[in-house]
Amino acid sequence: MMHSENWRVGVLFSETGVTGAVEKTQRAATLLAIDEINAAGGVLGRTIEPVVYDPQSTPNLYKELAVRLCDEDRVRVVFGCHMSSTRKAVLPVIEARDALLFYPTLYEGFEYSRHCIYTGAAPNQNSVQLVDFLTEHYGKRVFLVGSNYVYPYESNRTISDLFLQVGGQVLDEMYVPLNLKTEDVAKIIRHISAAKPDVIYSTIVGDGIIPFYTAFKEAGFDAATMPIASQSTSEADVIRMRPEVAEGHITAAPFFASLDTPRARAFVSAYQRRYGLQMLPTAPAEAAYFQVYLYAAALQRASGDGLEQLLPALYDVEYDAPQGAVKIDRLTNHTHLWPRVARVNPHGSYDIVYDPSLRVAPDPFMREYRPDLTQTFPHRVQV
């Protein structure tokens, strides 16, 4: 039974705070998809009605607003969250109320909830391809640095495993506060200078990304021979850097705004028509966009937005997303995606340098990549 004539959904992305820049792209893409679906007649003759809040990149506020969405706004489906700490704050609320969270951000994997649809990349859909590319083109000696919360620790563990499996070496591993200060950046630069790695793998997120990349350039490091590889860096960050600061650095994702296919071009064009030429959709934004379409297709089939109706329908639908056709895996609630690797060019946009044009099934528990490790890890350093 619906609580209003519309299909009411929660939208929970930050406009402010440390991850506000990238979450704004997710919020924008979510609302774009909702408007497109409504303009085409809605679902079963009903409009999708977004209830939108700004959780300000603060886990506790995500939790409070999730409670409000479910209990006061009578929402059964929430699109939202970016950092893993925010997803973990929201999920117990969603689970307790038999609701459903659509989570459109790459993350560290090793999680399953019946009440969560994971539409961002799992590690086998970005980290594996990234390490293959880095070790082939740059070398096998890696330096790890991340923000001090769950995603960086877990993502760095996976990256370490993948490097060690191909005979690589983890030279150093350090963690810095989410609100990065000048002295934190200076300490990272000192550690990189001492380690002399082939590549830096960074899980620094949000507003700390730009000062780190800027300091890296100013220290005289050359991205052509020692790049920063970061899956938490996207077009939302690169656009705020000077082109020479961003040039040469690398990431892996299923989607880039530069992806040259008719479907991708149409999405970027629609996004920029609405939000302006300075707003580029990121991979997390593309996931935020297509997950609304998956929801709408499932809703059309299920004729109701309760969990027991929606989930079986979700497993049966496929959507022609900007990155390629996507579908939800019924065993894991993760998504079949199209991994790619890209490098920033001199003009400050991503050139796709590796595109196998292959849809990869999710393996969030890395069953195919379990390492047989005999090497020990260096001591983790916290700043």
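As named in an unreviewed UniProt entry, the chain is Transporter substrate-binding domain-containing protein, taken from Rhizobium indigoferae.

The subject of this paragraph is helix α1 (residues 20-39). Here α1 spans 28 Å end to end across 20 residues, near enough to the 28 Å set by a 1.5 Å rise per residue. Just past α1, the residue Gly41 takes up positive phi, approximately 115°.

Throughout the structure, instances matching the rule amount to 18 salt bridges. Its salt-bridge partner being Asp35, residue Arg274 comes within 2.3 Å of it at the nearest N-O pair. Residue Arg274 is located in helix α10 (residues 262-275), and its partner Asp35 is located in helix α1; the two are separated by 239 residues in the primary sequence. Looking at Arg274, the relative accessible area reads 37%, which means it is partly exposed. The salt bridge partner of Asp305 is Arg76, with a shortest N-O separation of 3.0 Å. Separated by 229 residues along the polypeptide, Asp305 in the loop between α11 (283-302) and α12 (307-314) and Arg76 in the loop between α2 (59-71) and β3 (77-80) bring together distant segments of the chain. Residue Asp305 is classed as buried on the basis of its relative accessible area, which comes to 4%. Since its relative accessible area comes to 24%, Arg76 is described here as partly exposed. The network of salt bridges with shared partners includes Arg87, Lys88, Glu108 and Glu111.

Per the stated rule, a full pass over the model turns up 18 aromatic pairs. Relative to Tyr295, the ring of Phe79 lies with its centre 5.5 Å away and its plane at 85°, an arrangement referred to as edge-to-face. Here Phe79 is found in strand β3, whereas its partner Tyr295 is found in helix α11, with 216 residues between them in sequence. Each member of the pair, Phe79 as well as Tyr295, carries the same accessibility label: buried. An aromatic cluster of at least three residues, connected via ring pairs, comprises Phe255, Phe267, Tyr271, Tyr275, Tyr289, Tyr293 and Tyr319. Cation over ring: Arg68 sits above Tyr53, and NZ or CZ is 5.0 Å from the ring centre. Between the NZ or CZ atom of Arg87 and the centre of the ring of Tyr103, over which it lies, the distance is 4.8 Å.

How each quantity is defined
- Residues numbered from 1 in each chain as written.
- Predicted model: local features only at pLDDT ≥ 70, side-chain atom pairs only at ≥ 80, totals over all residues.
- Heavy atoms only, no water.
- Helix = DSSP H or I, 4+ residues; strand = E, 2+ residues; numbered from the N terminus.
- Expected span 1.5 Å × (residues − 1).
- Salt bridge = Lys/Arg side-chain N within 4 Å of Asp/Glu carboxyl O.
- Buried < 20%, exposed > 50% of the residue type's maximum accessible area, 1.4 Å probe, protein only.
- Phe/Tyr/Trp six-rings, centres within 6.5 Å; stacked < 30°, edge-to-face > 60°.
- Lys NZ or Arg CZ within 6 Å of the ring centre and 35° of its normal.

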